[in-house]
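Structural overview
What follows is the residue order along each chain.
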Amino acid sequence: MDTKQPSPRVTARISAGLLSTGIALSVGHAIAGLVAPGSSPFLAVADSVVDRAPSAVREATIDALGTADKPALLISLAVILAILGVVVGLVERPRRPVGSVIIAALGAVGTLAAVARPTAGPLWALPTLVGTVLAVVALRLMIGALYPSRGAVDHVEAKSDSAAGDRSDEVAPAGSPGPDRRRFLILAGSAVAVIAAAGATGVALTRRAADALAERTGLQLPRVLNRNAAAPVPGGVVPDAPGVTQFITPNEEFYRIDTALRVPALTTADWRLRIHGMVEQEIELDWDSLTSREFLDRIVTLTCVSNEVGGDLAGNATWTGFPIAELLAEAGPLPEADMLLSTSVDGWTAGTPLEALTDGRDALLAVGMNGGPLPLEHGYPVRQVVPGLYGYVSATKWVVDWEVTRFDQASAYWTDRGWGERGPILTASRIDRPAPLAQLEPGPVVVAGTAWAQQRGIDRVEVQVDDGPWNDATLATEYSIDTWRMWSWTWDAEPGLHTLSVRATDSTGEVQTEKRQAPIPTGATGWHNRTFRVSER
Ligand SMILES: Nc1nc2c(c(=O)[nH]1)N[C@H]1C(S)=C(S)[C@@H](COP(=O)(O)O)O[C@H]1N2
Ligand SMILES: [Mo]
């Protein structure tokens, strides 16, 4: 027995702790590559520290370290985690899993940091949770090999004399079997392999998103000539009352709906649009051939068919784009074609009636949203926007393929799942203020909201209190038939519990139906209502 050697058990235990911590981080990072880069446990914690640091601390750090502040933070975090990894390995015992508890606690911190990020979705908890579970399993296995139970060692001894010989230099407490070194080395080697593979995967997956993000930051949109600018927004498109919905929805508040587990990271250099199918001339566009054209700005309200009555899956933005009709005309659709089947880079499809794309409405192949390039989540670098049609039949994000075809020959993602084929937007109206459950005083209360009927326009909005008569709301200035129209009405509120209902009439004279219908298959119908308690005088 060579007692001069440093006890291998301490180094082995430290290795077990560091390797399991490494598994949590690398596996978390790899899964984050699939979910969203920001959901990586390491990055989520670092970002939260940056956001939560008191601004004095932040400024002092930036003063002292300049642009090295972020790397300095990441290195500090890595050092702290390495120290914790050492502790985890030293305190873990088969029957006293203190190290596992520390890993679980770290996992809880990482998970909370990830789900609390401003753009987080429910899946953002996944990377840290999976990483943490694997880390605990790895730690238990490795520590189990270092402190094997009597039965397990007997088994190994029966199998391999050399393994028993190797163990003779381990310092083991009297009466317990020595560490199973061979088993430990296999486990540690596997852990190293997992960390290497997961780390490489995570870096590769998040780098693509980082590339697209970096490119987007410096991207120049095609310049829009004055004659192609959107009509200016007149005063009075929003009622003069606090808490009303803004006319233009800021990008961060714009609803997001798609099937993408991971936001596609497509750069303008990689982007192509192939136009083919029932056309006279196949065309392939790249970024330069698209953006060398004359682009337009148009304000269009986008709506999701899944929006419940009163829901917020609608948003209004200025879109910078090129008319889809002109691109189609270059390809020359055959007379028997009636559908454009568009496909995104991640394979999602929409089937749009060709008529809606060529009847003169502002159907755009858009590259910009509210003055900047499209955000990655909203289709960077190129998406479609078609006024009057729900998004699922028209608003393909990350679009890369157009097949001109026929409704009786092709079908798209959501129509294959029971949703309507053509997807025209139904008239909708919504009460936005007072807020739900607001406590009101008796007397005049400004009730306000929005209504939309893209391609037709809103001509009238009425409000009803309980079962009383319908009252005409004041319509705010109409911007266009493709945008939502705000309204307000002053209610002389009486004490008690009251329910307000709203209904709109479109420019064809059709009044919104009272009949409640679920969103599937053609969009929700019914009147939106809200109940308020008005206090006693
Ligand atoms: N590639 C792709 N594009 C898509 C979708 C999708 O799942 N994948 N969803 C559509 C639906 S259902 C809607 S309502 C709009 C929403 O666009 P937004 O997320 O920019 O608000 O995008 C449409 N475009
Ligand atoms: Mo949608």
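The structure reproduced in this document is the subject of the present report. (Residues numbered from 1 in each chain as written. Chains lettered and ligands numbered in written order. Predicted model: local features only at pLDDT ≥ 70, side-chain atom pairs only at ≥ 80, totals over all residues. Heavy atoms only, no water.)

Another point: the sheet that holds strand E4 (residues 283-286). Judged by pairing direction, the sheet is mixed, and its five strands sit side by side in the order E4-E3-E12-E7-E8 without closing on themselves. Looking at which strands have only one partner, the edges of the open sheet turn out to be E4 and strand E8 (349-353). In this sheet, adjacent strand axes meet at a mean angle of 15° when their direction is disregarded. In this sheet, E4 lies alongside strand E3 (residues 272-277) in antiparallel orientation, the contact comprising four bridges. By the bridge assignment, Leu273 is partnered in E4 with Leu285. (Pairing = 2+ DSSP bridges. Helix = DSSP H or I, 4+ residues; strand = E, 2+ residues; numbered from the N terminus. Axes fitted to C-alpha atoms, helices over the stretch in contact; angles between N-to-C directions.)

Attention now goes to the site of ligand 1. Taken together, 19 residues are adjacent to ligand 1, and Tyr255, Thr259, His378, Arg383 and Lys397 come closest. One nitrogen or oxygen atom from the main chain of Ala395 is found 3.0 Å from a nitrogen atom belonging to ligand 1. Taken together, the residues of the shell around ligand 1 sort by class into nine nonpolar, five polar and five charged. (Near = heavy atom within 4 Å. Polar contact = N/O pair within 3.5 Å; in protein donor to acceptor, adjacent residues only side chain to side chain. Nonpolar A, V, L, I, M, F, W, Y, C, P; charged D, E, K, R; others polar.)

The next subject is the sheet that holds strand E14 (residues 439-440). In spatial order, the strands read E14-E21-E20-E16-E17; together these five strands make up an open sheet with mixed pairing. Each end of this open sheet is capped by a strand with a single partner; those strands are E14 and strand E17 (470-472).

We now examine helix H11 (residues 324-331). Along H11, the positions that sit buried rather than exposed are Ile324, Leu327, Leu328 and Ala331. One face of H11 carries all of its buried residues, which in axial projection span an arc of 100°. The first or second residue beyond H11 is Gly332, which carries a positive phi of 70°. (Buried < 20%, exposed > 50% of the residue type's maximum accessible area, 1.4 Å probe, protein only. Arc of directions from axis to C-beta.)

This paragraph deals with the packing of aromatic side chains. Taken as a whole, this structure holds 11 aromatic pairs when the rule is applied. Between the aromatic rings of Trp452 and Trp484, the centroid separation amounts to 6.3 Å while the plane-to-plane angle is 45°, which identifies the pairing as tilted. Taken together, the residues span a long stretch of sequence, with Trp452 in strand E15 (residues 443-452) and Trp484 in the loop between strand E18 (474-475) and strand E19 (485-493) at a distance of 32 residues. The residues Trp452 and Trp484 share a single accessibility class, namely buried. Among the aromatic residues, ring-to-ring pairing joins Trp348, Tyr392, Tyr413, Trp414 and Trp419 into one connected group. Taking the ring centre of Tyr413 as reference, the NZ or CZ of Arg417 above it sits at 3.7 Å. (Phe/Tyr/Trp six-rings, centres within 6.5 Å; stacked < 30°, edge-to-face > 60°. Lys NZ or Arg CZ within 6 Å of the ring centre and 35° of its normal.)

Of all 10 residues in E15, eight are buried, a share of seventy percent or more. Pairing between strand E13 (residues 428-433) and E15: five bridges, direction antiparallel. Bridging from a neighbouring strand, Ser429 pairs with Ala451 of E15. Two elements, E15 and E19, share nine bridges in a ladder whose sense is antiparallel. Across the sheet, the residue bridging to Ala451 is Arg485, located in E19.

We now examine helix H5 (residues 98-115). Between its first and last C-alpha, H5 extends 26 Å over 18 residues, near the 26 Å set by a 1.5 Å rise per residue. Every buried residue of H5 is listed here: Gly99, Ser100, Ile103, Gly107, Gly110, Thr111, Ala113 and Ala114. Seen along its axis, H5 keeps its buried residues to an arc of 160°; they face one direction. Away from its buried face by more than 90 degrees, H5 exposes Val101 and Leu112. (Expected span 1.5 Å × (residues − 1).)

Residue Pro381 follows Tyr380 across a cis peptide bond; omega there is 5°. With respect to the secondary-structure elements, Pro381 resides in the loop between strand E10 (372-373) and strand E11 (383-385). Residue Pro434 is reached from Arg433 by a cis peptide bond, and omega for that bond is 0°. Note that Pro434 resides in the loop between E13 and E14. Positive phi outside glycine occurs at Leu437, with the angle close to 65°.

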